[in-house]
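Below are the chains, spelled out letter by letter.
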Amino acid sequence: MTFIASVIAKKGVAIIADSLVTSMERVIDYDTFLKFFRDKAKSTPVDEIKIEPSEVISLFERKPSHTKDYEEKLFQYDKYTSVTTAGTASINGKRIEYIVREIIEKNKKDKGYARKKIETKVKEFVDFLNKQSIEHLNKSDYISNTTFIITHYDKSKEQTTIYKVDINPCSKKDIKDDTFSCVSFRKMDDYYRVVCDGQNRISERILFGEI
């Protein structure tokens, strides 16, 4: 299970991320498969049952298949900014790691990047993610939730700013026009000394309990 967190200190911030990743695969549950044939047999003799490929495909569900301990989830975005991520392992046919590094390389080629405010950097990050998400939905029927925590430390002011960026669950049917976005973001209020996320909200339960 994924655990990511940014913990604000007096003069700095600690960034935490595990390396576990849970792969998702489309599988058919045995009971679901059995019920499918039972329902067919209620109205049709067994030797006359006809099955359309689309009927079988509709039985598959996306479920966690296995967990591995190797995924990169913490990135140095620039000298005073980090990105951590929790959620799906890939978008648009790319591992999350390569998507983040693609943005970082793009920023290195931008001569004016160093002068940009953190708000501008976050918005550009969101725009890039949304483009990848739309391309994903053009190839696939669905995109699942992924969260990014962007943490920036202002050395001169000794101040930490944290944003949460979410790729929200969307389907191909949600795309209606060119203004569609399945990525949202928000600046976390200053009173948050710990900002965290993780699979099944495990990080919040570890830090704050069940309440």
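No experiment lies behind these values; they were computed from the predicted model shown.

Draft legend 1. Region of interest: the overall build of the protein. When you go through the protein residue by residue, the secondary structure sums to five helices and 14 strands. For the protein, the residues scored as buried account for 36% of the 211 residues in total. Pairs at least 24 residues apart make up 67% of the contacts formed inside the protein by residues separated by at least 6 positions. Taken as a whole, the protein presents about 13,200 Å² of accessible surface, with 52% of it coming from carbon and sulfur.

Draft legend 2. Focus on the nonpolar core. Counting 27 residues, the largest nonpolar core has Phe 125, Leu 129, Phe 148, Ile 150, Val 165 and Ile 167 as the members making the most contacts within it. Setting aside chain neighbours within four positions, we find Ile 150 in contact with Thr 81, Ser 82, Val 83, Ile 118, Val 122, Phe 125, Thr 161, Ile 162, Tyr 163 and Val 165. Ile 4, Ile 8, Met 188 and Val 195 belong to the second largest nonpolar core, which has seven residues in total.

Draft legend 3. The sheet that holds strand 2 (residues 12-17), seen in detail. An order of 2-1-14 is seen for the three strands of this open sheet, with the pairing classed as antiparallel. With one partner strand each, in any of the chains shown, strand 2 and strand 14 (194-198) form the two edges of the open sheet. Averaged over all adjacent pairs, the angle separating strand axes in this sheet is 5°, with direction ignored. Where strand 1 (residues 3-9) meets strand 14, five bridges bridge the pair, whose relative direction is antiparallel. Residue pairing for strand 14: Val 7 is matched across the bridge by Val 194.

Draft legend 4. Quick peek at helix 3 (residues 96-108). Given a rise of 1.5 Å per residue, 13 residues ought to cover 18 Å, and the 19 Å separating the end C-alpha atoms of helix 3 matches this to within 8%. All of the buried residues in helix 3 are Ile 96, Ile 99, Val 100, Ile 103, Ile 104 and Asn 107. The buried residues of helix 3 occupy an angular sector of 140° when the element is viewed end-on, so they sit on one face. Seen from the buried face of helix 3, the exposed residues on the opposite side, beyond 90 degrees, are Tyr 98, Lys 106 and Lys 108. Buried residues belonging to helix 3 abut strand 5 (74-78), strand 6 (81-87), strand 7 (90-91), strand 8 (94-95), helix 4 (118-139) and strand 10 (146-154).

Definitions and cut-offs
Residues numbered from 1 in each chain as written. Predicted model: local features only at pLDDT ≥ 70, side-chain atom pairs only at ≥ 80, totals over all residues. Heavy atoms only, no water. Helix = DSSP H or I, 4+ residues; strand = E, 2+ residues; numbered from the N terminus. Buried < 20%, exposed > 50% of the residue type's maximum accessible area, 1.4 Å probe, protein only. Contact = heavy atoms within 4.5 Å. Areas by Shrake-Rupley, 256 points an atom, 1.4 Å probe, with all protein chains shown as cover. Core = buried A, V, L, I, M, F, W, Y, C linked by side-chain atoms within 4.5 Å. Pairing = 2+ DSSP bridges. Axes fitted to C-alpha atoms, helices over the stretch in contact; angles between N-to-C directions. Expected span 1.5 Å × (residues − 1). Arc of directions from axis to C-beta.

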